[in-house]
Amino acid sequence: MTIDIQKLRLEGIYPQRQKEFHMQRVKLAAGIISSDQALKVAQVAERYARGLVHLTTRGSIELHWLTLEDLAPVAVQLASVGLVNRGACGGAVRGVVCGSLSSSALPELEALARRIHRHFTGNPRFENLPKKFKVGIEADTASGRHLIQDVGLVCTGSAEGKNRFDVYCAGGLGREPQPGFLLAQGVAEESLLPLIETIARLYRENTPPPKRLKFLVRQIGEQAFRDMVFAQPGVLDELPIAPTLSASLVPAPQQELRLVARVFAGELSCHTLATLAGIARDYCGGMLMVTGDQNIEMHLVSGEDRTLALQLLGEAGFAAESARERVTFRVCPGNHECIMGLAPTREVAGELLDAMGPAAQALTWAISGCPNCCAQPQLSRAGVVANRLVKEEGSEERTPRYDLYQAGSAPFAEAVKQGLTREELVEAVRQLG
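These remarks concern the structure in this document.

How each quantity is defined
Residues numbered from 1 in each chain as written. Predicted model: local features only at pLDDT ≥ 70, side-chain atom pairs only at ≥ 80, totals over all residues. Heavy atoms only, no water. Salt bridge = Lys/Arg side-chain N within 4 Å of Asp/Glu carboxyl O. Helix = DSSP H or I, 4+ residues; strand = E, 2+ residues; numbered from the N terminus. Buried < 20%, exposed > 50% of the residue type's maximum accessible area, 1.4 Å probe, protein only. Pairing = 2+ DSSP bridges. Axes fitted to C-alpha atoms, helices over the stretch in contact; angles between N-to-C directions. Contact = heavy atoms within 4.5 Å. Disulfide = S-S within 2.5 Å. Core = buried A, V, L, I, M, F, W, Y, C linked by side-chain atoms within 4.5 Å.

1. Notes on the pattern of salt bridges
Part 1: For the structure shown, the criterion picks out 22 salt bridges.
Part 2: Arg86 is the partner of Glu127 in a salt bridge, and the nearest nitrogen-oxygen pair spans 2.8 Å. With Glu127 in the loop between helix 3 (106–120) and strand 7 (135–138) and Arg86 in the loop between helix 2 (71–79) and strand 6 (97–98), the pair connects residues that are 41 residues apart, well separated along the chain.
Part 3: Measuring nitrogen to oxygen at the nearest pair gives 3.1 Å for the salt bridge that ties Arg218 to Glu176. Remark: Glu176 occurs in the loop between strand 9 (162–169) and strand 10 (181–188) and Arg218 occurs in helix 5 (residues 213–220); sequence separation between them is 42 residues.
Part 4: Note on Arg218: relative accessible area 38%, which makes it partly exposed.
Part 5: Given a relative accessible area of 48%, Glu176 falls into the partly exposed group.

2. Describing the sheet that holds strand 19 (residues 414–420)
Sheet strands line up and pair through hydrogen bonds in the backbone, either parallel or antiparallel.
Part 1: The strand order across the open sheet formed by five strands is 15-16-17-18-19, and the pairing between neighbours is mixed. Each having just a single partner strand, strand 15 (329–331) and strand 19 make up the two edges of the open sheet. The mean angle between the axes of side-by-side strands here comes to 20 degrees, regardless of whether they run parallel or antiparallel.
Part 2: In the sheet, strand 16 (residues 365–368) pairs with strand 17 (residues 382–391) via four bridges, with the strands oriented parallel. Bridge pairing links Ile367 to Val384 in strand 17.
Part 3: Seen against the sheet, helix 10 (residues 345–355) touches strand 15, strand 16, strand 17 and strand 18 (398–406) and runs at an angle of roughly 160 degrees to strand 15.
Part 4: The strands touched by helix 12 (residues 422–431) within the sheet are strand 16, strand 17, strand 18 and strand 19, with strand 19 carrying the most contacts at an inclination of about 140 degrees.

3. Thoughts on the state of the cysteines
Part 1: On inspection of all chains with the given rule, the structure shows zero disulfides.
Part 2: Here Cys338 is not disulfide-linked; the sulfur of Cys370 is the nearest cysteine sulfur, at 6.0 Å.

4. Focus on the nonpolar core
Part 1: Ranked by internal contacts, the top residues of the largest apolar core, which has 47 residues, are Ile116, Phe133, Ile137, Leu153, Ile199, Leu213 and Phe225.
Part 2: Per-element accounting of this core gives the leading share, eight residues, to helix 4 (residues 192–206).
Part 3: The residues contacting Phe133, other than those within four sequence positions of it, are Ala92, Val93, Arg94, Asp150, Val151, Ile196, Ile199, Ala200, Tyr203 and Leu213.
Part 4: Residues Leu276, Ala280, Met298 and Leu313 belong to the second largest nonpolar core, which totals 44 residues.

Here's what the structure looks like:
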């Protein structure tokens, strides 16, 4: 079989660090996956991916360790249960995320995420973008996730019978972090698709590859970009939203009916995923949600099932008995599998957890294995970035150096210690208490 792997990026496929293997990413609108779909992913992972799945900070699922020959059968099996890979990687509109899975507004936000997901997935007008284009939806601004999207939508309630959203634009992390700016306020939900289309088209027409939208805005300025957007014909056209019986798959959550399986480093065995799929099928309306913190959240249909469901969750390894199950710690694959990774993120995260006292454990954490910052360390109370490799004195070996971030008054957490060795990083975390 002869395949140009570069052309398969739009199918959610990237080469892995180990050259004979590949990663397959699966897009999930708002991170939502049915129990039947989750069970199929578990079966595929057991056969093709060494029995493991990786949950991402954008609510997607990754399967690693696929050979070239595995790619087609894996794609077919995922498609057989309606799972979509198209646009999960490459210069396309990526998976639409929702960081407000615990909000009472979830059903409406989820319905919007699925509508945007359907509109842009596989749409050839938006598959030749200079680089990735990310859309996120939030119930409020508390998490800061609206600031790292190319288009961030924040629900502001309803007016004149229409749901309204503030629209943030041109955010991103990586080597040049830039918080998104407020492009427009109070935009009607019916106008969001034309507005996002306009932004993506102008991005494609005015930005050289492989630059993100934030590059264009830095070049011309926020006001010039705003003027350019709203000078386009039809930018705020209102497209009617037809009623549907399947707009929302998950009910509005109640705190006492939430189940959360905290997954260390986003790495989950196929057998554990199958167990969670069974709990969701029997007690949670058949739906699971991959959160931005790389956990699995489910909402019970009935409070009467809570005790039994919690018992089953504990038996599956999620009894919140260890720091790995209590501390929010986002972790990218690092140099375990990723070509860009500089550090063994899962090992380092484990060492840091062992060094944490109560004060450090109370913080939210993230570690990124390279400056691309896929784990979103700048959105944590404390974060770690493997910034570079340094050749050790008297040796040819190169080892990672780490920057330690802490949140302050700025939109993003900032580096407070830089160039730390692994031992110095562990000691710095220990000193946090």
